[in-house]
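Now for the letters of each chain:
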Amino acid sequence: MDRTTALKRAEELKKTIADYLAIKDTIATGFSRWGKIRERQEKIRELLGASEKDWFNWRWQIRHRINDGEMLARVINLSPRELEEIKLTGSKFRWGIVPYYLSLIDPDDEKDPVRLQSIPSAREYYDCTGELDPMDEELTSPAPAITRRYPDRLIINVTNQCPMYCRHCQRRRNIGEVDRHTGRSDLKVALEYVAGNPEIRDVLLTGGDALMLSDDTLEWLLSELDKIPHVEIKRLGTRVPVSLPYRVTRNLCRMLSKHLPLYVNTHFNHPLEITPDAQEACLDLARCGINLGNQAVLLKGINNDPMVMRKLNQELLRIMVRPYYIFHAKNVQGTSHFRTRVEEGIEIMEKLRGYTSGLAIPTYIVNAPHGYGKTPMLAEYLISLGKNKVVIRTWENRIMEYENSEE
Ligand SMILES: *Cc1c(COP(=O)(O)O)cnc(C)c1O
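Basis of the calculations
For every chain, the first residue of its written sequence is number 1, and the numbers climb from 1 along that sequence. Note on the predicted model: pLDDT of at least 70 is required for a residue's local features to be given, and 80 or more for side-chain atom pairs to be given and counted; whole-chain, interface and lining totals, by contrast, use all residues. Only hydrogens and water are set aside; all other atoms, that is, all heavy atoms of the structure, feed into the side-chain values. The helix count covers DSSP runs of H or I at least four residues long, the strand count covers runs of E at least two residues long, and both are numbered beginning at the N terminus. A radius of gyration in this sense is built from C-alpha atoms; the matching globule rule multiplies 2.2 Å by the number of residues raised to 0.38. The cut-offs for exposure are 20% and 50% of the maximum accessible area for each residue type, with area from a 1.4 Å probe on protein chains only; residues under the lower value are buried, those over the upper are exposed, and the others partly exposed. An automatic or database domain assignment supplies the residue ranges for each domain. Pairs of cysteine sulfur atoms within 2.5 Å are what we label disulfides. What counts as a ring pair is set by centres within 6.5 Å for rings of Phe, Tyr and Trp (its six-membered ring), and what kind of pair is set by the plane angle: stacked under 30 degrees, edge-to-face over 60, tilted for all other angles. The rule is simple: put a 1 Å grid over the protein atoms alone, call a set of points where a 1.4 Å probe fits but cannot get out a cavity, call an open set with protein on both sides within 12 Å along at least five of seven lines a pocket, and count a residue as lining if it has an atom within 4 Å of a point. Grid points are joined across faces, edges and corners, and a volume is the space filled by probe spheres set on the points. Think of it as three bins: nonpolar holds Ala, Val, Leu, Ile, Met, Phe, Trp, Tyr, Cys and Pro, charged holds Asp, Glu, Lys and Arg, and polar takes everything else, Gly as well. Take the number of residues in a helix, subtract one, and multiply by 1.5 Å to get its expected span. Any two residues having at least one pair of non-hydrogen atoms within 4.5 Å are treated as being in contact.

Undergrad: Break down the overall build of the protein chain for me, with residues and values.
TA: Looking only at helices and strands, the protein chain features 17 helices and twelve strands. In terms of overall dimensions, the protein chain is globule-like: its C-alpha atoms have a radius of gyration of 23 Å, near the 22 Å expected for 407 residues. The dimensions of the protein chain, computed from C-alpha atoms along their principal axes, are 70 × 55 × 45 Å. Taken over 407 residues, the protein chain has a buried fraction of 52%.

And the structure:
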């Protein structure tokens, strides 16, 4: 067998990822930074007078969410001006960060991707563009707590609470000053709506963060959904594996495993968020039969870089999380500094396809105005579609003819 051609092709393939290989290890992850993160955790623990046991207790983490500028300044290096800006922005948009997520931030790096997602900036305050409800959620709620935009599936919003409040939050108008879980009576009406509409086969519990509910409330909800014969699958929307992995307790896993098929979609945006603790939470969920997906948001200065996105999606697969969507950032008031152009998203997708595992490739989505639905933004690989032939473009940009016939 003559392998000359194959060997030449293998050399050519190596060259297509030489640029990535050259910088791959310079993109920090929660694993490569773990030593530093552990040191910061010690420091924050001391500051809050907490024991090691407290630290791993998710309720302790929620109770000690940092939402005070002075306290923050004891962990993160802030100039007096930054501190003023945090206070100013805090008067308009809520902020709060659990100690775990705070520990991921490099205190000296003002461009830290975790910091940009969690610490308020004056740009939010002064942003006059955008709408508060660009997807008209008000107009797509046929029953309390329900958002319905599709024929066979819907969302039940179960809480407005999160372990940390994302600065790019697309639902920030729901994140009021008070933590509130949706009341039982509203949940019951929502469940009745699901029961009364037999075409609904997929119910997504989200919020806020669905895993902010107690195990008991979640179990009640999942059991009620299991009683509805036409509900085939259930999903949870949660950022807990990223922001508060200690919420994934043995009890929670045991309870969730009784309600399969269950899918969890989470929200990692940068490889720095993939830590040993996040990995443990994801593997625990996977071990009890839960399928994990990731919904990232394309954010300027955080992940609008083809190499960072490639690394993120590869690292996600290592912790058993399947990249599902990359959302284009919507036009929500206070978030315009994160917005990119659609071309940037397309370019990122083009630098994934072919270059890395198909499993590591999510779908890039723009949410249509007025709640008309998720719309895929696709790179063009079909150049022309003729009667007897199609012209295709390969991932390496080779334009090729392809016979288009049935026999
Ligand atoms: C995103 C979303 C869903 C789920 O959509 P999939 O594409 O099936 O993941 C369902 N309902 C609403 C209102 C949504 O916004």
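There's more to say after this.
Undergrad: Just give me the short version of the domain arrangement of the protein chain, but keep the residues and values in it.
TA: Under the domain assignment used here, the protein chain contains domain 1 (26-126), domain 2 (137-376) and domain 3 (380-407). Put simply, the middle of domain 2 and the middle of domain 3, counted by C-alpha atoms, are 36 Å apart.

Undergrad: So what about the state of the cysteines? Which residues, and what values?
TA: This model, assessed by the stated rule, comprises zero disulfides. Cys-169 provides the cysteine sulfur closest to Cys-166, a residue in no disulfide bond, and the two sulfurs are 6.3 Å apart. We classify Cys-166 as buried; its relative accessible area is 13%. Residue Cys-282 stays outside any disulfide, its sulfur separated by 10 Å from that of Cys-253, the closest cysteine.

Undergrad: Residues and numbers for the environment of Glu-192, please.
TA: With respect to the helices and strands, Glu-192 occurs in helix 11 (residues 184-195). By relative accessible area, which is 56% here, Glu-192 ends up exposed.

Undergrad: I'd like a description of the packing of aromatic side chains, backed by residues and values.
TA: This structure, assessed with the given rule, holds seven aromatic pairs. Relative to Trp-395, the ring of Tyr-355 has its centre 4.9 Å away and its plane inclined at 85 degrees; by these criteria the two rings are edge-to-face. Taken together, the residues Tyr-355 in the loop between helix 17 (342-350) and strand 8 (363-367) and Trp-395 in the loop between strand 11 (389-393) and strand 12 (399-403) connect sequence positions 40 residues apart. Classification of Tyr-355 as partly exposed rests on a relative accessible area of 25%.

Undergrad: Talk me through empty space enclosed by the protein; I want residue IDs and the actual numbers.
TA: In this approach a probe as big as a water molecule rolls over the atoms, and the regions it shows empty are the leftover space. Within this structure, the stated rule accounts for two cavities of 30 Å³ or more. If you add up the space inside the largest cavity, you get close to 60 Å³. Considering the residues around the largest cavity, the lining is formed by Arg-38, Gln-41, Glu-42, Arg-45, Glu-52, Trp-55 and Phe-56. Among the elements of the structure, helix 3 (34-47) and helix 4 (52-55) are those that each provide at least two residues to the lining of the largest cavity. Tallied by class, residues from the lining of the largest cavity come to two nonpolar, one polar and four charged.

Undergrad: Residues and numbers for helix 12 (residues 215-226), please.
TA: Under the 1.5 Å per step criterion, the end-to-end length of helix 12 is 16 Å for twelve residues, consistent within 8% with the ideal 16 Å. What helix 12 keeps buried is the set Thr-217, Leu-218, Trp-220, Leu-221, Leu-222 and Leu-225. In this structure, the buried residues of helix 12 make contact with helix 11, strand 3 (202-206), strand 4 (233-237), helix 14 (250-256) and strand 5 (262-266).

Undergrad: Lay out the layout of surface pockets with the relevant residues and their values.
TA: By volume, the largest pocket amounts to about 960 Å³. Lining of the largest pocket is provided by 41 residues; of these, Arg-171, Thr-206, Gly-207, Gln-295 and Phe-327 occupy positions nearest its centre. Elements with a contribution of two residues or more to the lining of the largest pocket: strand 2 (153-157), strand 3, strand 4, strand 5, strand 6 (291-298) and strand 7 (321-328). It is strand 7 that contributes the most residues to the lining of the largest pocket, four residues altogether. One number sums up the size of the second largest pocket: a volume of about 450 Å³. Listed by contribution, the elements that provide at least two residues to the lining of the second largest pocket are helix 7 (80-90), helix 9 (113-118) and helix 10 (122-126). In terms of residue class, the lining of the second largest pocket is built from six nonpolar, three polar and nine charged. The residues that make up the lining of the second largest pocket include at least three from each of domain 1 (26-126) and domain 2 (137-376).

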